[in-house]
Amino acid sequence: MGVELTTTRLEDAAKWAKSSMLDKATGWGRKFSLFSYPFVTACCGMEFMSVAGPKYDIARFGAEFPRFSPRQSDLLMVVGTVTEKQGPALKRVFDQMAEPKWVIAFGVCASTGGFYQNYHTMPGADQVIPVDVYIPGCPPRPEQVLDALILLMDRIQSGRGHSQLRDKREQLIATSQDEG
Amino acid sequence: MAQKVLDAVKASHAAAIEHTESQHGDEIIWVKRDQLLAVATWLKTEPTMAFDAPVFCTCIDRLDWRPLGVPPSQRWTEDKPRFEVVYQLRSTQHRFRIRLKVAVSESDARVPSLASLWPAFDWQERETFDMYGIRFDGHPDLRRIYLYDEFVGYPLRKDYPKDKRQPLVRRDDLPINPIKRPSIFDDHGKAK
């Protein structure tokens, strides 16, 4: 079951090496061409502008291009407080994004609800969508955002994003069902 | 400044007023509920008053509230009015400002709407209804303005639990373990 790492058969070894190199190449390509969709709801948006601006310049990491259509983006940045009323909209935006896709929760409000503990605030965007990287801070420093982006790029390269892991999990389930 | 307004309203609508207060330079008129529309209409149309600017409409929940020095046994109870509906008005012509208050009990939380006099009170009364559940009689379109229609209850009432949430949507794709391992617990929850 799964990929055998040790094999004496030449074609198996070649197949494994090829797929692994292909994974590496696609991961390399994906991590340097992140198209972000800023789901900006609150004051963290100012800090997002600072990150996107020339001083901190998220473009150095290939994520400079905010797309304002979720269908053209693969990185959802949830920037700011998410209310319960916005939950369906956030889920719809996430569902419209093309696979594979990644999510960054920008700031404590998007991560945990922050200092809001009341009737209207969702306790973190991960109540509705799977989040890959959480950035604490109210608002976070631009350096933290860049750090989180580099962390996410590592995950993309090694295939550990939520949507990538879900694909692998579904493949595992399919192969285990095929085997009986 | 607005003492003139107090005196004028007392003179013209003596039967409609419960009492008046002055606090930090603001004059407050406690109006009887069934007379609110008459007093407000007079304040708007009377040329010496000419209250043309509606400032805000809100509500105060006096559950558990008591002034300093009042023993706990004399706190607000069911039969005492729990809510105060507050209208703040301003006259830009004469530079008056006045605050109208109506005491409303929890069981009969109804107030005549002033949206027909000042259209800006339309959304403010909807907000007050949304947060406190005060019904405004005669309002053209009384429904929730901030919260969603699925929301049950009124969140700014003091007896609404402060961390009670009413989610519209939650994740349905939480990771599940595809490999079923035999449980180490028996049916009674004890380790085998």
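In what follows, the structure referred to is the one given above.
Scope of this entry: the structure provided in the associated data block. These numbers were taken from a predicted model, which means no experiment stands behind them. Chains are numbered independently. Their residues run from 1 in the order of the written sequence. Chains and ligands are labelled by the order in which they are written, letters from A for the one and numbers from 1 for the other. Given that this is a predicted model, residues contribute local features only at a pLDDT of at least 70 and side-chain atom pairs are listed and counted only at 80 or more, while totals for whole chains, interfaces and linings are drawn from all residues. The basis for every side-chain value is the complete set of non-hydrogen atoms in the structure, without hydrogens or water.

Bringing empty space enclosed by the protein into the picture now. Residue and element names in this part refer to chain A. A pocket, in this scheme, is an open set of points on a 1 Å grid over the protein atoms alone with protein on both sides within 12 Å along at least 5 of 7 lines, while a cavity is a set where a 1.4 Å probe fits but cannot get out; residues line either one if an atom lies within 4 Å of a point. Grid points are joined across faces, edges and corners, and a volume is the space filled by probe spheres set on the points. Scanning the entire structure with this criterion turns up 2 cavities of 30 Å³ or more. In this structure, the second largest cavity spans a volume of roughly 30 Å³. Around the second largest cavity sit F94, K101, W102, V103, P130, D132, H162, S163 and R166, which together line it. Helix numbering and strand numbering both begin at the N terminus, where a helix is a DSSP run of H or I of at least 4 residues and a strand a DSSP run of E of at least 2. Mapped onto the lining of the second largest cavity, the elements with two or more residues apiece are strand 3 (102-106) and helix 6 (162-178). Sort the elements by how many residues they give to the lining of the second largest cavity and helix 6 lands first, with 3 residues. Charged means Asp, Glu, Lys or Arg here, nonpolar means Ala, Val, Leu, Ile, Met, Phe, Trp, Tyr, Cys or Pro, and polar covers whatever is left, Gly included. Taken together, the residues that form the lining of the second largest cavity break down as 4 nonpolar, 2 polar and 3 charged.

All names here are of chain B. Overall, mixed pairing links the 5 strands, which are arranged 1-2-5-4-3 in an open sheet. For this open sheet the edge positions go to strand 1 (17-23) and strand 3 (53-61), each flanked by a neighbour on one side alone. The sheet shows a mean angle of 20° between the axes of neighbouring strands, taken without regard to direction. The strands touched by helix 2 (residues 36-45) within the sheet are strand 2 (26-31), strand 4 (83-91) and strand 5 (96-104), with strand 5 carrying the most contacts at an inclination of about 175°. Contacts are assigned to residue pairs with any non-hydrogen atoms lying within 4.5 Å of each other. Convention adopted: a line fitted to C-alpha atoms gives each axis, helices being fitted over their contacting stretch, and angles between N-to-C directions are expressed from 0 to 180 degrees. The strands touched by helix 3 (residues 121-132) within the sheet are strand 3 and strand 4, with strand 3 carrying the most contacts at an inclination of about 10°. When DSSP locates at least two bridges between a pair of strands, those strands are taken to pair.

This part is about the nonpolar core. Within the largest apolar cluster, 41 residues are counted, with the highest numbers of intra-cluster contacts made by V5, L43, F51, Y87, V111 and I134 of chain B. Those elements that provide at least two residues to this core are helix 1 (3-12), strand 2, helix 2, strand 3, strand 4, strand 5 and helix 3 of chain B. With residues near it in sequence (within four places) discarded, V5 of chain B still touches L43, M49, F51, F96 and I98 of chain B. Definition of nonpolar core: a set of buried residues of the types Ala, Val, Leu, Ile, Met, Phe, Trp, Tyr and Cys, connected through side-chain atoms within 4.5 Å. Partly exposed describes any residue whose relative accessible area lies between the buried limit of under 20% and the exposed limit of over 50%, with all areas from a 1.4 Å probe on protein chains only and scaled to the type maximum. Among the nonpolar cores identified, the runner-up in size contains 23 residues, and V51, F61, L75 and M153 of chain A belong to it.

Here we take up the packing of helix 1 of chain B against helix 2 of chain B. Residues and elements named next belong to chain B. Taken N-terminus to C-terminus, the directions of helix 1 and helix 2 make an angle of 125°; their axes are 12 Å apart at the nearest point. Here helix 1 is positioned oblique relative to helix 2, judged by the angle of their axes. The two elements helix 1 and helix 2 cross, and the hand of that crossing is right-handed. Across from V5, A8, V9 and S12 in helix 1, the residues of helix 2 making contact are V39, W42 and L43. We call two directions roughly parallel when the angle between them is under 35 degrees, roughly antiparallel when it is over 145, roughly perpendicular when it lies between 65 and 115, and oblique otherwise. In a left-handed crossing the near helix is turned counterclockwise from the far helix by less than a right angle, and in a right-handed crossing that turn is clockwise.

For the rest of this paragraph, the subject is the interface of chain A and chain B. One widely used convention gives an interface's size as the accessible area the parts lose upon coming together. Listed by partner, the interface residues are 19 residues for chain A and 24 residues for chain B. Summed over both partners, the accessible area (1.4 Å probe) lost when two parts come together is defined as the buried area. By the criterion of area lost to chain B, the three top residues of chain A are E84, K85 and Y119 of chain A, representing 36% of everything that side buries. Here, a salt bridge means any Lys or Arg side-chain nitrogen found within 4 Å of an Asp or Glu carboxyl oxygen. Viewed at the interface, chain B and chain A are joined by 1 salt bridge. Between R170 of chain B and E84 of chain A there is a salt bridge, with the nearest N and O atoms lying 3.2 Å from each other. Here a polar contact means two N or O atoms within 3.5 Å. Within protein one must be a hydrogen donor candidate and the other an acceptor candidate, and residues neighboring in sequence count only if both atoms are side-chain atoms. The interface formed by chain A and chain B includes 4 residue pairs in polar contact (both at pLDDT 80 or more). Looking at which element gives the most residues to the side of chain A that touches chain B, the answer is helix 3 (residues 87-96) of chain A, with 3 residues. In terms of residue class, the side of chain A that touches chain B is built from 9 nonpolar, 5 polar and 5 charged.

Remember, this is a structural readout, not a statement about activity or role.
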